[in-house]
Amino acid sequence: MMKFYSKRRKWPLYFILVLSFIGSTITVDGIDRHWRIIFPIAALFIIGLLKIEIEIEMNDDQVVYRVTFLNRVLYQRAIHVSEIKRIKCMRVGWATRRAVIYMMDDSRIKLTRFEPSSLYEKLINMAGRNHIEVLETKDFQILMRGYAKNSRSLS
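Residues numbered from 1 in each chain as written. Predicted model: local features only at pLDDT ≥ 70, side-chain atom pairs only at ≥ 80, totals over all residues. Heavy atoms only, no water.

## So, the overall build of the chain
A tally of helices and strands in the chain yields 4 helices and 9 strands. Evaluated residue by residue, the chain yields a buried proportion of 32% over its 155 residues. For the chain, contacts bridging at least 24 residues in sequence account for 48% of all contacts bridging at least 6. As displayed, the chain offers around 10,400 Å² of accessible surface, 58% of which is attributable to carbon and sulfur atoms. (Helix = DSSP H or I, 4+ residues; strand = E, 2+ residues; numbered from the N terminus. Buried < 20%, exposed > 50% of the residue type's maximum accessible area, 1.4 Å probe, protein only. Contact = heavy atoms within 4.5 Å. Areas by Shrake-Rupley, 256 points an atom, 1.4 Å probe, with all protein chains shown as cover.)

Next comes the structure, spelled out in structure tokens:
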């Protein structure tokens, strides 16, 4: 069983956190006292958001999607291969890969920026072994060729 961890961008949350601390320390005439209470509450909320992590566990016939907060499981969904309708792989941004898992119940899970980056290859291999439809956009195929070329040059 292989584990993959989300590597999401956190700098926007840190930026908002700094702004909320600055906003809670500034005193301006005409600003109600209640607004000064909102800034620390927003800061606590943002700190909580920074501690949320997403992880994926994969084996031959199952994908487990887990959302944790301070190493406590908030949400977990085990997806058996029989529940997967198709997997769509695409490019997001300049050089970021994304896989969207479409389930039979019309829900979906978007997987973007995971470490180690072999998640996408393992997902495509699992789909091939279990006869699941895989849709790859042209941009994604170009990205995959670039990743393959870079891995060969590093060896």
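Resuming the write-up.
## Examining the pairing of strand 6 (residues 96-103)
Where a strand is regular, its side chains alternate between the two sheet faces. The element strand 6 is largely enclosed, with a buried count of 7 among its 8 residues. Summarising the sheet, strand 5 (residues 84-92) and strand 6 pair through 8 bridges and their orientation is antiparallel. Residue I87 lies in a different strand from strand 6, and its bridge partner there is I101. Linking strand 5 back to strand 6 in an antiparallel pair, the connection comprises 3 residues, with G93 at a positive phi of about 70°. (Pairing = 2+ DSSP bridges.)

## With respect to the sheet that holds strand 1 (residues 2-6)
In any sheet, the strands associate via hydrogen bonds between backbone groups, in a parallel or an antiparallel arrangement. On the basis of which strands lie adjacent, the open sheet formed by 5 strands has the order 4-3-2-1-8 and antiparallel pairing. Sheet topology places strand 4 (72-80) and strand 8 (114-115) at the edges, where each strand pairs with a single neighbour. Note: strand 3 (residues 62-69) against strand 4, 8 bridges, orientation antiparallel. Looking across to strand 4, one finds that R66 is bridged to Q76. Seen against the sheet, helix 3 (residues 119-129) touches strand 1, strand 2 (52-58), strand 3 and strand 8 and runs at an angle of roughly 40° to strand 2. (Axes fitted to C-alpha atoms, helices over the stretch in contact; angles between N-to-C directions.)

## Details of the nonpolar core
I56, M58, I87, L111, L119 and L123 are the most contacted members of the largest nonpolar core, which has 26 residues in total. Those elements giving two or more residues to this core turn out to be strand 2, strand 3, strand 5, strand 6, strand 7 (108-112), helix 3 and helix 4 (138-154). The greatest single-element share of this core, amounting to 6 residues, is contributed by helix 3. Excluding its chain neighbours within four sequence positions, the residues that come into contact with L123 are M58, V63, I87, A99, I101 and L111. Grouped together as the second largest cluster of nonpolar side chains are 5 residues, L13, L17, I46 and L50 included. (Core = buried A, V, L, I, M, F, W, Y, C linked by side-chain atoms within 4.5 Å.)

## Observations regarding the confidence of the model for the chain
When the pLDDT values of the chain are averaged, the result is 84; 86% of them are 70 or greater. Confidence scores differ between elements of the chain, with helix 4 showing the lowest mean pLDDT of 74 and strand 4 the highest of 94. (pLDDT = per-residue confidence, 0-100.)

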